[in-house]
Every structure is written in C-alpha cells, then in structure tokens.
Amino acid sequence: MRWGQYALLVVGSAMTVALFLGGGAGPLLPAWLWTLLKSAAVLAVLLAMRHRMPVWRPDRLMRLAWLVVLPLVLAQLLVVSVLAAAGGGS
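Residues numbered from 1 in each chain as written. Predicted model: local features only at pLDDT ≥ 70, side-chain atom pairs only at ≥ 80, totals over all residues. Heavy atoms only, no water.

(A) Focus on the overall build of the protein. Scanning the protein from terminus to terminus reveals 3 helices and 0 strands. Reading the protein from its N terminus to its C terminus gives the helix and strand order α-α-α. In summary, the protein has a C-alpha radius of gyration of 20 Å against a globular reference of 12 Å for 90 residues, an excess of more than 25%. Carbon and sulfur atoms provide 76% of the accessible area of the protein, an area that totals close to 7600 Å². (Helix = DSSP H or I, 4+ residues; strand = E, 2+ residues; numbered from the N terminus. Rg over C-alpha atoms; globule rule 2.2 N^0.38 Å. Areas by Shrake-Rupley, 256 points an atom, 1.4 Å probe, with all protein chains shown as cover.)

(B) Broad picture of the packing of helix 1 (residues 2-20) against helix 2 (residues 31-49). Interhelical geometry of helix 1 versus helix 2 gives an angle of 125° and a closest axis separation of 8 Å. Of the possible angle classes, the one that applies to helix 1 and helix 2 is oblique. The way helix 1 lies across helix 2 gives a crossing that is right-handed. Residue-level contacts link Y6, L9, V10, S13, A14, T16 and V17 of helix 1 to T35, K38, S39, V42, L43, L46 and L47 of helix 2. Its residues assigned to classes, the contact of helix 1 with helix 2 shows 9 nonpolar, 4 polar and 1 charged. (Axes fitted to C-alpha atoms, helices over the stretch in contact; angles between N-to-C directions. Parallel < 35°, antiparallel > 145°, perpendicular 65-115°, else oblique. Left-handed = near helix turned anticlockwise from the far one by under 90°. Contact = heavy atoms within 4.5 Å. Nonpolar A, V, L, I, M, F, W, Y, C, P; charged D, E, K, R; others polar.)

(C) Summary view of helix 3 (residues 58-85). A rise of 1.5 Å per residue sets the reference length of helix 3, with its 28 residues, at 40 Å; its end C-alpha atoms lie 38 Å apart and thus fit the reference within 8%. In helix 3, a bend of some 35° at A65 exceeds every other bend along the element. The positive-phi residue at the C-terminal boundary of helix 3 is G87, with phi of around 85°. (Expected span 1.5 Å × (residues − 1). Bend = angle between axes of the 7 residues up to and from the residue.)

(D) Structural detail: the side chain of S39. One can find S39 in helix 2. You can call S39 buried: its relative accessible area is 14%. A polar contact is formed between the side chain of S39 and the backbone oxygen of T35, at a distance of 2.9 Å. In this view, S39 contacts S13, A14 and V17; residues no more than four positions away in its chain are not counted. (Buried < 20%, exposed > 50% of the residue type's maximum accessible area, 1.4 Å probe, protein only. Polar contact = N/O pair within 3.5 Å; in protein donor to acceptor, adjacent residues only side chain to side chain.)

(E) Focus on the side chain of K38. For K38, the position within the fold is in helix 2. Here A25 takes part through its backbone oxygen, which lies 2.9 Å from a polar atom of the side chain of K38.

If you want it as structure tokens, here you go:
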C-alpha cells in the first residue's frame, strides 16, 4: 500500500514539473537532468508537507465545494459575462 502512494507522489511530481515548472528548461545541464532535479525538489516538498497539512474528510470537502466554491465561480462567470457583453473584455 505504501509503495503505491509513493509511486503516485513520484508521478505527480514529474507531471508538476512537465506542466507547471517548464519541464527540462534550465541553464548548464541537459534537459533530462533538470527534469530529474526539479522532480526531486517537488517530491521533497510534498514529503515534507504531508504531515503538516490537515486531512479533510470528503463530505466536508464537498460541503465546502457546494456552499462556497460553486457560488464564487458562478459570480465570477456572471462578472466576466457582463464585462464581455459591455465590450470591456477586448
């Protein structure tokens, strides 16, 4: 069980590097080495933070999503729609 969690963390770190941290872009080293170093850094941060972050039960997380996040997203959509219709979004 624990190995599966670690494998998921490693894959998640590599995806984070590829999608958000520029992949292998960096000075002086080959791209594969930059990717490896960035993935190791993200993995180290994730492992350091795993016991410091609270764990939310799924039912509480869904309550937050439905009661707080969804109305905020709908309000943002309304504001953007009004601005776009008024010609302000160019």
